[in-house]
Structures are given as structure tokens and as C-alpha cells.
Amino acid sequence: MFKKILLAVLVLCVLAGIYYRNLLSYGWMQASGQVKILMNVEDVADVMNDPSFPDSLKARIRLIEEIKQFGVDSLGLTPSKNYTTFYNQHGKPLIWLITASEKYKVEPHKWHFPIIGSFPYKGFFDSTRAVTEERQLIQMGLDTDIGEVSAWSTLGYLKDPILSSMLKRKVGSLANLILHELTHGTLFVKNNLELNENLASFIGDQGAIRFLKFKYGRDSQELRIYEYSKKYNDAYSGHMLRGITRLDSLYRTFGKDPVVNAHRDSLKTKLIMTILADADTLLSGKRTLTNKNRQAASRWPDGKLPNNAYFISYQTYKSKQDIFKIEFEQKFGGNIKKYLTWLKEKYPSL
């Protein structure tokens, strides 16, 4: 009887391995990538004691330590051992991120993973695997977008290192990045990436402004640079979100189950070009449509113009900013620590 049970369990394991072979392969690849990084990190203390490491970069590491402490003390972010190690990328990217969408609907394709839930993107430490995955998605008839990632969070399961590329960022951008990733380690809701990323973006923005005021003062150049950049980025994000509405309005005219054809592709491309071209007027005045279209096209030198997948990141990271801001200001008087405490009570976190 025992042998029969053992055999049945073995058969089930083999079948599960076959059925989930792609997921297991991906999991192994991601684990290998993380281990490779962890095997090559240095303790921040050793980096700071290294006489050959530039003083200017040491100052940036000290700044990250200040940002992290500010996030814990003033914003209520969860303490962690993140950013106590350093990884030198030697100028090379680490992770490639893929997003995908329906061809005639701005709706994210989702990947499902055990424990952590569903995601509207998929990361790869191996660029070859990323390109292979993208080709498979294209063959499925999906729009795709692929790009490099500047940071990520392991949600407290591992010690996230300082990446050498972080040290090249401007002060405000660096504060935003660190506080964004620390927010993930404070609150992460399963199967709700839009909430998670929007919240991290909101706390990153608001926290960066507060940190710059705290460290450099309300009239500082650091704060002025960040606020100007934020003004443009917010305007651009809002424009892209309105662009999604325009695209979906076009796609609804195609019917519920539209057939892919050259005419519809032409209408889609024309509208996307117009949306991108119109973005040039956000902070720089008006241009003629012809010049704007030329300007928009010049941003994509490889000839691969953005498609629906390009817009997915704005849904994922920016679509709930106004909701958070109203809630944050009206219910909590702009107190981030109280707001985060309330959110942690409202949403069960991993």
C-alpha cells in the first residue's frame, strides 16, 4: 500500500513538473539571478572604508542611509536591512521588464505566480530569455514593450542592495526611488499591483519632497529641481492616461471582437502618434502638427513606435494618484505616517 502511495505521489510530482515546467524554469532563472547578485555584494561598511572608492559616491551612499532613516522615522516605513550592501553593475543593466497588452484594448496581460499573485509585468535577469518571451507574446497577437529596470523590491525576503546605477541619480530622484521601494516592503497587497505601484509612486513622490525640505530647506535648489521635474512628469503621465481613454474610445468603434487588419492598425498608429506629439506642448508651447509628429517619431530611433503596452505602465504606476492625494489630504491632513498606518489596517499585506 505504501509503495502505491509513493508511486502516486511521484507520478503527481512528475506531472506537475511537466505542467509547470515554464514556471519552474523561470523561477530557477530568477533565483539564480538573485543568488548571483547576492554572492557579489559588498557590505556598505567595507565600501565606505575602501580608499579606492570615490568620495563623491560614498557621499551618495550616506545620502541613501539618510533617506532610509527618514522614511522609517518620519514616514512610518517598515525598518529593514535593505541598502546595507552594495552591488557594482559595472555599467550593465540587471533586469529587463516586459509588459504586454491586447492589440485593440489597453488592458495588461497578466502573469500569475504562486504566493505573490498576479503581475502586469514580468522581469528577467537574462536578456535573451526576455526577448524570447517577448517574441512569444507577439506571436499570441499581443502588443509588447520591453525595457531596463533601475531597481526592484524583494518585499523583505532578501536584503535589497544599493545598485551602482542608483548613485548617478539626482538627489530628488534618488530619494523617490528609495522610498518607493521601501514602501513595497511596508505594504504589498496580493493581486493588486495597480494599487501597490500607485501607492509606492505616491509615497515616493510625497516622501521625496518632505526629505528635500528636511535636509536642504524649502528654498533649496535641490527641491526646486525636483519639483520642476515632478511638474513635467505629472503632466506627461496625466496626458498618457488621457491618451488611454482616447485609444479605448477608438477601439470600441472596432466592435467587441475586432479582426486585426491594416486599416485598424493605421488608425491606431495615427492616434498614438498624435498622443505622443501632443505631449510636446505640455510645458514647451505649441508646435505645428507636422513638426510635433516628427518630434515624436524621433524619440524612437529603432523605428519601433510605442503600442498599447507602452501605456500600461502609466495605468500601473500613475492612474490612482489623484485618489490617493484626496484621501491623504482630506482624511489625514497630509500626514504620511497616519495614512500608511490606516492603509495597513485596510489592506492585508503579504
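Residues numbered from 1 in each chain as written. Predicted model: local features only at pLDDT ≥ 70, side-chain atom pairs only at ≥ 80, totals over all residues. Heavy atoms only, no water.

J.: Give a description of helix H6 (residues 171-186) that names residues and reports values.
T.: The terminal C-alpha atoms of H6, which comprises 16 residues, lie 22 Å apart, in line with the 22 Å expected from a rise of 1.5 Å per residue. Where burial is concerned, most of H6 is hidden: 14 out of the 16 residues are buried. (Helix = DSSP H or I, 4+ residues; strand = E, 2+ residues; numbered from the N terminus. Expected span 1.5 Å × (residues − 1). Buried < 20%, exposed > 50% of the residue type's maximum accessible area, 1.4 Å probe, protein only.)

J.: Tell me about the confidence of the model for the protein chain, residues and numbers included.
T.: The share of residues in the protein chain with pLDDT of 70 or more is 87%, and the mean pLDDT across the chain is 86. Note on residues 1-20: pLDDT is under 50 here. Beyond four places in sequence and across chains, it has one contact. Predicted confidence is poor over residues 285-297, with pLDDT under 50, and the contacts of this stretch with residues over four places away or in other chains come to 19 contacts. (pLDDT = per-residue confidence, 0-100. Contact = heavy atoms within 4.5 Å.)

J.: Outline helix H12 (residues 321-332), listing residues and values.
T.: A rise of 1.5 Å per residue sets the reference length of H12, with its 12 residues, at 16 Å; its end C-alpha atoms lie 16 Å apart and thus fit the reference within 8%. Every buried residue of H12 is listed here: Gln321, Phe324, Glu327, Phe328 and Phe332. Down the axis of H12, the smallest arc covering the buried residues is 135 degrees, so these residues share one side. Residues of H12 that are exposed and angled more than 90 degrees away from the buried face: Asp322, Ile323 and Gln330. Those residues of H12 that are buried are in contact with helix H7 (193-216), helix H11 (308-318) and helix H13 (336-346). Gly333 sits one or two residues past H12 and shows a positive phi near 60 degrees. (Arc of directions from axis to C-beta.)

J.: Mind laying out the packing of aromatic side chains, listing which residues take part and the relevant values?
T.: Here the structure, examined in full by the defined rule, presents 20 aromatic pairs. Ring centres 6.2 Å apart and planes at 25 degrees place the aromatic pair Phe119 and Phe188 in the stacked group. Placement of the pair is Phe119 in strand S5 (residues 117-119) and Phe188 in the loop between H6 and H7, with a sequence separation of 69 residues. We note that Phe119, like Phe188, is buried. (Phe/Tyr/Trp six-rings, centres within 6.5 Å; stacked < 30°, edge-to-face > 60°.)

J.: I'd like a description of the sheet that holds strand S7 (residues 143-149), backed by residues and values.
T.: Taking strand neighbours across the sheet as the criterion, the three strands line up as S6-S3-S7 in an open arrangement whose pairing is antiparallel. Every interior strand has two partners, whereas the edge strands, strand S6 (122-124) and S7, have only one. When the angles between neighbouring strand axes are averaged without regard to direction, this sheet yields 25 degrees. In this sheet, S6 lies alongside strand S3 (residues 95-101) in antiparallel orientation, the contact comprising three bridges. Residue pairing across strands places Trp96 opposite Phe124, the latter belonging to S6. (Pairing = 2+ DSSP bridges. Axes fitted to C-alpha atoms, helices over the stretch in contact; angles between N-to-C directions.)

J.: Run through the packing of H7 against H11, naming residues and quoting values.
T.: Helix packing geometry: the angle between the two helix axes and the distance between the axes. Remark: H7 packs on H11, axes separated minimally by 6 Å, with the N-to-C direction vectors making an angle of 70 degrees. Considering their axes alone, H7 and H11 lie roughly perpendicular with respect to each other. Across the interface between the two elements, Leu193, Glu194, Glu197, Asn198, Ser201 and Asp205 of H7 pack against Gln315, Thr316, Tyr317 and Lys318 of H11. For the contact of H7 with H11, the residue count by class is two nonpolar, four polar and four charged. (Parallel < 35°, antiparallel > 145°, perpendicular 65-115°, else oblique. Nonpolar A, V, L, I, M, F, W, Y, C, P; charged D, E, K, R; others polar.)

J.: Can you tell me about the sheet that holds strand S1 (residues 42-43), naming the residues and giving the values?
T.: Ordered by their spatial adjacency, three strands build an open sheet running S1-S2-S8, and the pairing between neighbours is mixed. Each of the sheet's edge strands pairs with one partner strand only, and the pair in question is S1 and strand S8 (162-163). The pairing of strand S2 (residues 85-87) with S8 spans two bridges and is parallel. Directly across from Phe86, in S8, lies its bridge partner Ile162.

J.: Can you tell me about unusual backbone geometry, naming the residues and giving the values?
T.: The backbone of His90 sits at a positive phi, close to 55 degrees, despite the residue not being glycine. Among the secondary structure elements, His90 is positioned in the loop between S2 and S3. By relative accessible area, His90 is classed as exposed at 63%. Positive phi outside glycine occurs at Asn191, with the angle close to 60 degrees. Its location among the elements puts Asn191 in the loop between H6 and H7. Assessed through its relative accessible area of 46%, Asn191 is described here as partly exposed.

J.: Please set out the packing of H7 against helix H8 (residues 221-252) residue by residue, giving values where relevant.
T.: Where H7 contacts H8, the axes come no closer than 9 Å and their chain directions differ by 165 degrees. Taken together, the axis directions place H7 and H8 in an arrangement best described as roughly antiparallel. The chirality of how H7 crosses H8 is left-handed. In this structure, H7 contributes Gly204, Asp205, Ala208, Ile209, Leu212, Lys213 and Tyr216 to the contact, and H8 contributes Glu222, Leu223, Tyr226, Glu227, Lys230 and Asp234. Residues that form the contact of H7 with H8 fall into these classes: six nonpolar, one polar and six charged. (Left-handed = near helix turned anticlockwise from the far one by under 90°.)

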